[in-house]
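Here is how the chains run, residue by residue.
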Amino acid sequence: ERLIHKARALLIGATVMWGLSFPLLRGLELAQREHAPHVPDSALACADMAVRFGLAALCLLPFYGRYLRNVTFREWSQAIGLALLAGAGLYLQTLGLAQTDASISAFLTQLYTLIVPLIVAVRDQRAPSLRVIVACGLVLIGAALLSPGLLTHFVLGPGELVIIVSTFFLAGQI
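This is a predicted model, so every value here is computed, not measured.

Visitor: So what's going on with the overall build of the chain? Which residues, and what values?
Guide: Of regular secondary structure, the chain possesses 8 helices and 0 strands. Seen in sequence order, the chain has helices and strands lined up from the N terminus as α-α-α-α-α-α-α-α. Put simply, the chain has 174 residues, and 27% of those count as buried. Taking all contacts inside the chain whose residues are at least 6 apart in sequence as the whole, residues at least 24 apart take part in 84%. Summed over its atoms, the accessible surface of the chain is roughly 11,800 Å², and 73% of this surface lies on carbon and sulfur atoms. Positive and negative side-chain charges of the chain, numbering 12 and 9 respectively, have mean locations separated by a distance of 15 Å.

Okay, here's the thing in structure tokens:
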């Protein structure tokens, strides 16, 4: 029972942190653009990613660093593959976020929840079940409801297209 409560609290905490990342990164992009207007978006996105993952590594290293020597070659190769997919997806997402609203970015990023079942359907050579289709519809509706002004100011521009491409990388790492 206690473990279930802890798991729920951690899941809620991760969800809150993930949700906050969109407005925080958008705010960072705006601040960077104000202070360094001559720096290209791609360089700012790289800097954002370096700080984001660098801080994450520094936070995790004291707790998990001792386990690194036990990682096998196969695990390293899988980790590198996942890191490349996740890194490319998050880089593109950050790059696209520089050109669109945080709520639009969050909504478009949720498209990976629709792409993953499609990848599984192609891999398994069978259509998704009705349950999966209904779940995908609910996710889409829920994400739209949580994206204020989505229908009133959504325009498919360069930032939105980059974010859509990013969702394929994010789906691939799942």
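That was the structure; now back to the text.
Visitor: Residues and numbers for the environment of Leu150, please.
Guide: By the element assignment, Leu150 lies in helix 7 (residues 150-153). Using a relative accessible area of 9% as the deciding quantity, one classes Leu150 as buried. If sequence neighbours within four positions are ignored, Leu150 has contacts with Ile104, Phe107 and Ala144.

Visitor: If you had to explain the packing of aromatic side chains to someone new, which residues and values would you point to?
Guide: For the coordinates displayed, the defined rule picks out 1 aromatic pair. Here Tyr64 and Tyr67 contribute two aromatic rings whose centre-to-centre distance is 6.4 Å and whose plane-to-plane angle is 40°, an arrangement assigned as tilted.

Visitor: Which residues make up the pattern of salt bridges, and what values go with them?
Guide: For the structure shown, the criterion picks out 3 salt bridges. Close ionic contact of Asp41 with Arg33 constitutes a salt bridge, the shortest N to O distance being 2.8 Å. The closest approach of N and O atoms between Arg126 and Asp124, which form a salt bridge, is 3.8 Å. By relative accessible area, which is 31% here, Asp124 ends up partly exposed.

Visitor: Before we move on, can you summarise the nonpolar core with the specific residues and values?
Guide: Residues Ile104, Phe107, Leu108, Leu111, Ala143, Leu150 and Ile163 constitute the largest nonpolar core, which totals 7 residues. With 5 residues, the next largest nonpolar core counts Phe22, Leu97, Ala102 and Ala106 among its residues.

Visitor: Could you give an account of helix 5 (residues 112-124), with specific residues and numbers?
Guide: Each α-helix winds once per 3.6 residues, and so residues spaced three or four apart point in a common direction. Here helix 5 spans 18 Å end to end across 13 residues, near enough to the 18 Å set by a 1.5 Å rise per residue. Here helix 5 has its buried residues at Ile115, Pro117 and Ala121. Looking straight down helix 5, one finds that the buried residues subtend no more than 165° of arc, so they occupy a single side. Where helix 5 is buried, its residues meet helix 6 (130-145) and helix 8 (158-173). Following helix 5 by one or two positions, Gln125 has its phi on the positive side, about 55°.

Visitor: Outline the packing of helix 1 (residues 2-35) against helix 4 (residues 102-109), supporting the account with residue identities and numerical values.
Guide: As a packed pair, helix 1 and helix 4 sit with axes 9 Å apart at the nearest point and diverge in direction by 135°. When the axis of helix 1 is compared with that of helix 4, the two are oblique. In the crossing of helix 1 with helix 4, the sense of the turn from one axis to the other is right-handed. Counting all contacts with helix 1, which are made through Trp18, Phe22, Pro23 and Arg26, the residues of helix 4 involved are Ala102, Ser105, Ala106 and Thr109. Tallied by class, the residues present in the contact of helix 1 with helix 4 amount to 5 nonpolar, 2 polar and 1 charged.

Visitor: Would you mind going over unusual backbone geometry in detail, with residue names and values included?
Guide: We note that Gln125 has phi near 55°; this positive angle belongs to a residue other than glycine. On the secondary structure map, Gln125 appears in the loop between helix 5 and helix 6.

Scoring rules and cut-offs
Counting starts from 1 at the beginning of each chain's written sequence and moves along it residue by residue. Predicted model: local features are reported for residues with pLDDT of at least 70 only, side-chain atom pairs are reported and counted for 80 or more only, and whole-chain, interface and lining totals are derived from all residues. Excluding hydrogens and water, the side-chain figures rest on all heavy atoms present in the structure. Only runs of H or I of at least four residues qualify as helices and only runs of E of at least two qualify as strands under DSSP, and these elements are numbered from the N terminus. For every residue, the accessible area (1.4 Å probe, protein chains only) is compared with the maximum for its type, and the residue is labelled buried under 20%, exposed over 50%, or partly exposed between those bounds. Residue contacts follow a heavy-atom distance rule, with two residues in contact if any of their heavy atoms lie within 4.5 Å. Method for areas: the Shrake-Rupley scheme with a 1.4 Å probe, in which residue coverage is limited to the protein chains shown. Charge assignment in this entry is limited to Lys and Arg as positive and Asp and Glu as negative, and neither His nor the chain termini are counted. Lys charges are placed at NZ, Arg charges at CZ, Asp charges at CG and Glu charges at CD. A pair of aromatic rings is counted whenever rings of Phe, Tyr or Trp (Trp by its six-membered ring) have centres within 6.5 Å, and the orientation is called stacked for planes under 30 degrees apart, edge-to-face for over 60 and tilted otherwise. Note on definitions: salt bridges are taken to be side-chain nitrogens of Lys or Arg within 4 Å of carboxyl oxygens of Asp or Glu. We define the nonpolar core as a collection of buried residues of types Ala, Val, Leu, Ile, Met, Phe, Trp, Tyr and Cys that are connected through side-chain atoms lying within 4.5 Å of one another. The span expected for a helix works out to 1.5 Å for each residue beyond the first. Comment: arc refers to directions from the helix axis out to C-beta atoms. Fitted lines through C-alpha atoms give the axes, limited to the stretch in contact for helices. The angle between two N-to-C directions lies from 0 to 180 degrees. When an angle is under 35 degrees it counts as roughly parallel; over 145 it counts as roughly antiparallel; between 65 and 115 it counts as roughly perpendicular; any other value is oblique. By definition, turning the near helix anticlockwise from the far helix through less than a right angle yields a left-handed crossing, and turning it clockwise yields a right-handed one. Residue polarity is assigned by list, with Asp, Glu, Lys and Arg as charged and Ala, Val, Leu, Ile, Met, Phe, Trp, Tyr, Cys and Pro as nonpolar; anything else, Gly included, falls into the polar class.

On their own, these measurements won't tell you what the molecule is for.
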